[in-house]
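Okay, here's what each chain looks like letter by letter:
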Amino acid sequence: MNKAGDDDEGQPGGQSEPARQSVGKGLSKLSAPSFTPGWSKASCPCCHSERVDPLVLVKLGEKVSPETKRWLIKLIGAPQKDGGAGLLAHPGEEATGNIIVLSASRCTLLQATEELGLCKMYCSGDMEAFAYDDRNNFRDSDNMEAFLTLAERQFIIKYELDGLRAQKDLRIPGMLDSCVLQKRDNIWQKLGAAGVIVDTFPLHNPDKLKVLSEAWYTSNQLAQPLDKVNEYFGSSMAFYFSFLDFYTWSLLPPAILGLFIAYYSREVQREMLQSVSGSQDEEPQDEPEPLISGHMLQAVFSMLWSTVVMELWKRRSSALSYRWGTLHLAERFAEPRPGFHGDLGVNPVTGRVEPLFPEWKRDLRMALVSVPVVGLFLGLVVLGMTCFYWAEASVQQLHKDWDSMMSQALLFVPSVLHIVYTNMLATVYRTLARSLTEYENHREESAYDNHLTGKILVFTFFNNFAVLFHIAFFKQDIPLLRKRLASLLIITQLVNQVTEVVVPFLVDRFISAPHRTQSEDDPEEDKFRNQGTLPPFPGLFAEYIELLVQFGYLSLFSCVFPLTAVLLLLNNLTEIRSDAYKICKLFRKPFSPPVANMGVWQVAFEVLSFVSVVSNCWLLLLSPRLQDLGQQAGMSGSSLLMAAVMVEHVLILVKVIMAALIPDEPDWIRKKREHIEYTSMQALRQQKLNVQES
């Protein structure tokens, strides 16, 4: 940032003539002769282009002076060797306006592609880890629209902005003397805290979005255009929708089995009628029930099904990762995330000067602060559940004594108070979880996301399943468990659809849309500003949580309610299209970092798969049918418990064997991955030899 610090008052360096570079059709107003200074000129001569695509919009604070804006454009356009981002910047229609439109040159994109560890198609037809020095041997490396997806190009701009660090102490021009950047400060983070930068978001491409929408949620096709989703929204979004699609169609076998059991098993029919009517009277049986009941069949199937689904998903995930070029990501060697802080030093791996933070300090913070706080909130969940059952028993006794309209109304008070309590606790916990994860000071963005997700996952598991486990394992009330599960499946899905789609649609249609009316003749800058009026996309966290809770209902408790998979299948068939519509129309386009899989979410699904063995074995042990069989066989309660434990261990062993027999990745993917690792190692060795020779 030496240039930015030494020439604060000057005009933006490296600017082109107003008409030096033009943009594509529909964007010409950003480069017409009336606008000065126009797009900043690429620092590399080979990167000059007659067409510049606006990719990212930066919104500045209303009180940011033209002097500060000129300095910021100069900083963004300065070469990376001089401390800049090496990007292309346009000040908008007015040089004194509060937006900056960004794009990126070919060399900047290619260098970032290598730093991120993305794989691209080599001239031989195989995917290889991209190397900048070998760029001419990669297909379409001279055409950035074909070489990189739109999501990758936009994320690279964010990646370069987040990597801006002050090379020396300097004052921000046009700001108060107190607005000073210290050496190695993260510039983009500091500018955001100072109010210079209000927002940074990627821009929609209306033509591409229209094509994607027609192929995604407005057509009658069942298959999802995952490659188009990856191209437009990025691999993280594409992996979510790929898993949603895979999981939805994987519900077909348990749904068919559930319908079969519900139709042919008189025991299941009787229990379902009792749950609906509330009657617990036993009806006389005209015919003896079969030795293996529908509940037993459903339980064993659910335990094995969950293992097969997750193992097959891992194989599909690895194939998609190879196809989308994210099989060989190298985040650990990239710049630290913006929020990372520490003492300046030399990274022993990369040799770069950057903030360093000892691992033992991070582990100590997690052990002495994060773990106790998370445990405290889990205790509050249990406390709330205990108070709920105590209050419920109290008002029921009160109603029994009074038998009045007032006492009947009081029956709903414990449930309402428990819902309010859990929602408030979840809101406070999410905020605290972010603070705890920030305090742990993780270097990589993925490590930060994984630890944050892990914290909220534990809390969500308790919040959603604690009551069901309490009913099943402590109260041992199977009819109540069946009734509670059925109500959760129906009510929760309806509430999710309303809150996730209907409410945002109504807000967008009647509140936001009237304020961003536009026509084809409007300036492109106004269209870009209108995109900023959309709410930011909240992320995929809630979507994954919803799928995880579904997976838990099915794998943990479906043996008491065989129609669980049927209800989930019907919900997810609409969920795919509603989620697609919501992301395309109701929210601002998000930045999407390249990912190789679902990350910690995949681990969470696998953990639930193993917990399902214990849950289903215990539920079967409590079933009246199995207890009757045990009594007929002359088995005591302890003998029946020992038999259940043995069956549980056998099923866990079967799951482990099945997981081992199904490789996590196809053999051809394994060979491709090993080849990529080998060629990367060879390229690194050649680079060292070249450096030594020079």
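Small disclaimer: the values here were computed from a predicted structure and weren't measured.

Calculation notes
Residues numbered from 1 in each chain as written. Predicted model: local features only at pLDDT ≥ 70, side-chain atom pairs only at ≥ 80, totals over all residues. Heavy atoms only, no water. Helix = DSSP H or I, 4+ residues; strand = E, 2+ residues; numbered from the N terminus. Buried < 20%, exposed > 50% of the residue type's maximum accessible area, 1.4 Å probe, protein only. Contact = heavy atoms within 4.5 Å. Areas by Shrake-Rupley, 256 points an atom, 1.4 Å probe, with all protein chains shown as cover. Pairing = 2+ DSSP bridges. Core = buried A, V, L, I, M, F, W, Y, C linked by side-chain atoms within 4.5 Å. Axes fitted to C-alpha atoms, helices over the stretch in contact; angles between N-to-C directions. Phe/Tyr/Trp six-rings, centres within 6.5 Å; stacked < 30°, edge-to-face > 60°. Lys NZ or Arg CZ within 6 Å of the ring centre and 35° of its normal. pLDDT = per-residue confidence, 0-100. Salt bridge = Lys/Arg side-chain N within 4 Å of Asp/Glu carboxyl O. Polar contact = N/O pair within 3.5 Å; in protein donor to acceptor, adjacent residues only side chain to side chain. Patch = residues over 30% accessible without salt bridge, like charges linked within 9 Å, V, L, I, M, F, W, Y side chains within 5 Å. Expected span 1.5 Å × (residues − 1). Bend = angle between axes of the 7 residues up to and from the residue. Parallel < 35°, antiparallel > 145°, perpendicular 65-115°, else oblique. Left-handed = near helix turned anticlockwise from the far one by under 90°. Nonpolar A, V, L, I, M, F, W, Y, C, P; charged D, E, K, R; others polar.

Here the focus is the overall build of the chain. Scanning the chain from terminus to terminus reveals 24 helices and 10 strands. Buried residues in the chain amount to 50% of all 694 residues. By sequence separation, contacts in the chain at least 24 residues apart represent 74% of the contacts at least 6 residues apart. With the model as given, the accessible surface of the chain reaches about 33,400 Å², and the carbon-plus-sulfur share is 61%.

Let's shift gears to the pairing of strand 1 (residues 56–60). Most of strand 1 is tucked away: 4 of the 5 residues are buried. The sheet contact formed by strand 1 and strand 3 (residues 99–104) spans 4 bridges and is antiparallel. Opposite Leu-57, over in strand 3, you have Val-101 as the bridge partner. Two strands pair when backbone bridges link them, and strand 1 and strand 8 (residues 197–202) are joined in this way by 5 bridges, in the antiparallel orientation. Within strand 8, the residue paired with Leu-60 across the bridge is Ile-197.

This brings us to the nonpolar core. Grouped together as the largest cluster of nonpolar side chains are 142 residues, with contacts concentrated most on Leu-72, Phe-233 and Phe-557. It is helix 19 (residues 541–557) that contributes the most residues to this core, 10 residues altogether. Beyond its immediate sequence surroundings of up to four residues, Phe-233 is in contact with Ala-151, His-204, Leu-209, Leu-212, Trp-216, Ile-583, Cys-584, Lys-589, Pro-590 and Ser-592. Grouped together as the second largest cluster of nonpolar side chains are 12 residues, Phe-377, Ala-426, Ala-433 and Tyr-448 included.

Neighbouring strands of a sheet are bound in pairs by backbone hydrogen bonds; such pairs are parallel or else antiparallel. The 4 strands lie next to each other as 2-3-1-8, forming an open sheet whose pairing is antiparallel. Pairing within the sheet leaves two strands with one partner each, and these edge strands are strand 2 (87–90) and strand 8. Direction aside, neighbouring strands of the sheet carry axes that sit 25° apart on average. Along the sheet face, helix 2 (residues 66–77) touches strand 1, strand 2, strand 3 and strand 8 and points at about 10° away from the line of strand 3.

On to the packing of aromatic side chains. Scanning the entire structure with this criterion turns up 29 aromatic pairs. Measuring from centroid to centroid gives 6.1 Å for Phe-461 and Phe-469, while their planes differ by 40°, and the two rings are tilted. A residue is classified by how much of its surface remains accessible, and Phe-469, at 14% relative accessible area, is buried. Connected via pairs of aromatic rings, a cluster forms that spans Trp-216, Tyr-232, Phe-233, Tyr-240, Phe-241, Phe-541, Tyr-544 and Trp-601. When the ring centre of Tyr-232 is taken as origin, the NZ or CZ atom of Lys-589, which lies over that ring, is 4.9 Å away.

What follows deals with the confidence of the model for the chain. Confidence along the chain averages 81 in pLDDT terms, with 86% of residues attaining 70 or more. Ranking the helices and strands of the chain by mean pLDDT puts helix 8 (residues 226–233) first, with 96, and helix 1 (residues 2–6) last, with 41. Every residue in residues 1–37 is under pLDDT 50, and counting partners more than four places away or in other chains gives 93 contacts. Taken as a whole, residues 277–286 scores under 50 in pLDDT and shows 7 contacts with residues more than four places along the chain or in a different chain.

Take the pattern of salt bridges next. Counted according to the given criterion, the structure contains 21 salt bridges. The salt bridge involving Glu-152 is made with Lys-120; its shortest N-O contact spans 2.9 Å. Taken together, the residues span a long stretch of sequence, with Glu-152 in helix 5 (residues 150–162) and Lys-120 in strand 4 (residues 119–121) at a distance of 32 residues. Neither Glu-152 nor Lys-120 differs from the other in exposure class; each is buried. In this structure, the salt-bridge partner of Arg-443 is Glu-444, at a minimum N-O distance of 3.3 Å. For Arg-443, a relative accessible area of 11% translates into the label buried.

Let us now look at the side chain of Thr-248. Considering the arrangement of structural elements, one finds Thr-248 in helix 9 (residues 235–250). Classification of Thr-248 as buried rests on a relative accessible area of 0%. Among the polar contacts made by the side chain of Thr-248, one reaches the main-chain carbonyl oxygen of Leu-244 at a distance of 2.6 Å. Contacts of Thr-248, omitting those with residues within four sequence positions, involve Leu-569, Asn-572, Leu-573 and Ile-576.

Moving on to a nonpolar patch on the surface. Nonpolar side chains collect at one region of the surface, where Val-498, Val-502, Val-503, Phe-505, Leu-506, Val-507 and Phe-510 lie side by side and expose about 570 Å² of accessible area between them. Relative to the assigned elements, Val-502 resides in helix 17 (residues 478–512).

Quick look at the side chain of Gln-550 now. For Gln-550, the location among the structural elements is in helix 19. Only 3.4 Å separates the side chain of Gln-550 from the side chain of Tyr-247, close enough to count as a polar contact. The residues touching Gln-550, leaving out its near neighbours within four places in the chain, are Tyr-247, Gln-493, Leu-568, Asn-571 and Asn-572.

For helix 18 (residues 524–532), the complete set of buried residues consists of Glu-524, Glu-525, Lys-527, Phe-528, Asn-530 and Gln-531. In this structure, the buried side of helix 18 is in contact with strand 1, strand 3 and strand 8.

Turning our attention to helix 13 (residues 359–402). Between its terminal C-alpha atoms helix 13 stretches 62 Å, which fits the 64 Å expected from 44 residues at 1.5 Å a residue. At Met-366, helix 13 shows its strongest bend, of approximately 35°. Of the residues one or two after helix 13, Asp-403 is the one with positive phi, at around 55°.

Positive phi is not limited to glycine here, since Asp-140 has a value of about 60°. In this fold, Asp-140 is placed in the loop between strand 5 (127–129) and helix 4 (144–147). Judged by relative accessible area, which is 42%, Asp-140 ranks as partly exposed. Residues other than glycine seldom take positive phi values, yet Asn-441 does so here, at roughly 65°. Take Asn-441: it is sitting in the loop between helix 15 (413–440) and helix 16 (445–475).

A few words on the packing of helix 8 against helix 9. The geometry of helix 8 relative to helix 9 is characterised by a closest axis approach of 7 Å and an angle of 150° between their N-to-C directions. In terms of orientation, helix 8 and helix 9 fall into the roughly antiparallel class. Between helix 8 and helix 9 the crossing geometry is right-handed. Residues Leu-226, Val-229, Asn-230 and Phe-233 of helix 8 form the contact with helix 9, whose participating residues are Ser-235, Met-237, Ala-238, Phe-241 and Ser-242.

On to the packing of helix 10 (residues 252–264) against helix 20 (residues 564–586), then. Look at helix 10 against helix 20: their axes get within 7 Å of each other, and the N-to-C directions meet at 135°. Our classification of the angle between helix 10 and helix 20 gives oblique. Between helix 10 and helix 20 the crossing geometry is left-handed. On the side of helix 10, the interface is formed by Leu-252, Pro-254, Ala-255 and Leu-259, while helix 20 contributes Ala-565, Val-566 and Leu-569. Class assignment of the residues belonging to the contact of helix 10 with helix 20 gives a composition of 7 nonpolar, no polar and no charged.

As a further point, take the environment of Gly-375. With respect to the helices and strands, Gly-375 occurs in helix 13. Separated by 83 residues in the primary sequence, Gly-375 and Val-458 have C-alpha atoms spaced 9.7 Å apart.

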